[in-house]
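Each chain, letter by letter, is given below.
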Amino acid sequence: MAIMLQICSQLEIIYHRLEGMTQLNLNEERSLNFSQTKEAQILVECVEHHNYVYLFSERFNDIFSIVFGMQFIGSITNICTLIYSLSTKNTFDDKFLAQGLVLLNILFQTFIYCIFGNEVMLKSLKVADVISMIDWTMLRRQSKLGLIMIAMRARNPIIITGGSMIPMSLNTFVTILRTSYTSYNLLKSSRV
């Protein structure tokens, strides 16, 4: 999760740099040549930084995708069996309380993974929004082309996945809850 926060922080650094590009041309104390050189330097750094963030997130996905996938499959299984077990108990005892706390823990842990994955996706999509809000009229043609390149890449968000097929997002969390409840209903109906 800390790595997902790092990805979000790096994307926010890119936002700040992109927003600061137009401020260079507003400063009349500096020469035009200096501001154009600085603008080109900032743009090159932003393009490289954006590429680095995408490569870093791809490596992160490659390394942890299987772990997250197993986590989600285990969570679905545990949620389903804990709900079933809790529903069959008639008394409120220590086991009931312990199972209830374990269920809340598993739900919270899954929610945390999904919320951070969702945040990474939203922040990566925001790069294109930040670029669209920049005052393009003050930038040179090469800078405009560089911004278009970043915006085109930002249209494909960074998606952290579990098992290379389960996107970690709030929709996934809701799907996990629905799947667990459906499995619980299946178990309950088979018991009768």
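Calculation notes
Residues numbered from 1 in each chain as written. Predicted model: local features only at pLDDT ≥ 70, side-chain atom pairs only at ≥ 80, totals over all residues. Heavy atoms only, no water. Helix = DSSP H or I, 4+ residues; strand = E, 2+ residues; numbered from the N terminus. Rg over C-alpha atoms; globule rule 2.2 N^0.38 Å. Buried < 20%, exposed > 50% of the residue type's maximum accessible area, 1.4 Å probe, protein only. Contact = heavy atoms within 4.5 Å. Areas by Shrake-Rupley, 256 points an atom, 1.4 Å probe, with all protein chains shown as cover. Core = buried A, V, L, I, M, F, W, Y, C linked by side-chain atoms within 4.5 Å. pLDDT = per-residue confidence, 0-100. Expected span 1.5 Å × (residues − 1). Bend = angle between axes of the 7 residues up to and from the residue. Salt bridge = Lys/Arg side-chain N within 4 Å of Asp/Glu carboxyl O. Disulfide = S-S within 2.5 Å.

**A closer look at the overall build of the chain**
For the chain, the helix and strand inventory stands at five helices and two strands. The linear arrangement of helices and strands in the chain, starting from the amino end, is α-α-α-α-β-β-α. Rg of the C-alpha trace for the chain: 24 Å, well past the compact-globule value of 16 Å for 192 residues, more than 25% over. C-alpha atoms of the chain, sized along the principal axes, occupy 80 × 25 × 25 Å. Here the chain holds 192 residues, and 37% of them are scored as buried. In the chain, of all internal contacts separated by at least 6 residues, the share reaching a separation of at least 24 is 81%. Carbon together with sulfur atoms contributes 61% to the accessible area of the chain, which is approximately 11600 Å² in total.

**Observations regarding the environment of C80**
Turning to its location among the elements, C80 is positioned in helix α2 (residues 32–88). The exposure class assigned to C80 is buried, which follows from its relative accessible area of 6%. Every residue in contact with C80, bar those within four places of it in the chain, is listed here: S180, S183, Y184 and L187.

**Some details on the nonpolar core**
Core analysis: the biggest nonpolar cluster contains 41 residues, and L18 and I160 have the highest contact counts within it. When contributions to this core are tallied by element, the ones reaching two or more residues are α1 (2–26), α2, α3 (94–132), α4 (141–154) and α5 (170–191). It is α2 that provides the largest number of residues to this core, a total of 12 residues. Setting aside residues up to four positions removed in sequence, L18 forms contacts with C46, V127, V130, I131, I134, L147 and I150.

**Here we look at the confidence of the model for the chain**
Across the chain, the average pLDDT comes to 85, with 92% of residues at 70 or higher. For the chain, the element scoring lowest by mean pLDDT is α5, at 83; α3 scores highest, at 91.

**Thoughts on α3**
Taking 1.5 Å per residue as the helical rise, α3 with its 39 residues ought to reach 57 Å, and the 57 Å between its terminal C-alpha atoms agrees with that figure. Along α3, the sharpest kink reaches roughly 25 degrees, centred on K126.

**A short note on the pattern of salt bridges**
Taken as a whole and assessed by the stated rule, the structure comprises two salt bridges. Look at the salt bridges and you will find they share partners, linking E12, E119 and K123 into a network.

**Points about the state of the cysteines**
When the sulfur atoms of two cysteines share a covalent bond, that bond is a disulfide. The full count for this structure, using the stated rule, is zero disulfides. Residue C80 stays outside any disulfide, its sulfur separated by 18 Å from that of C114, the closest cysteine. Taking relative accessible area as the criterion, C114 reaches 0% and is therefore assigned buried.

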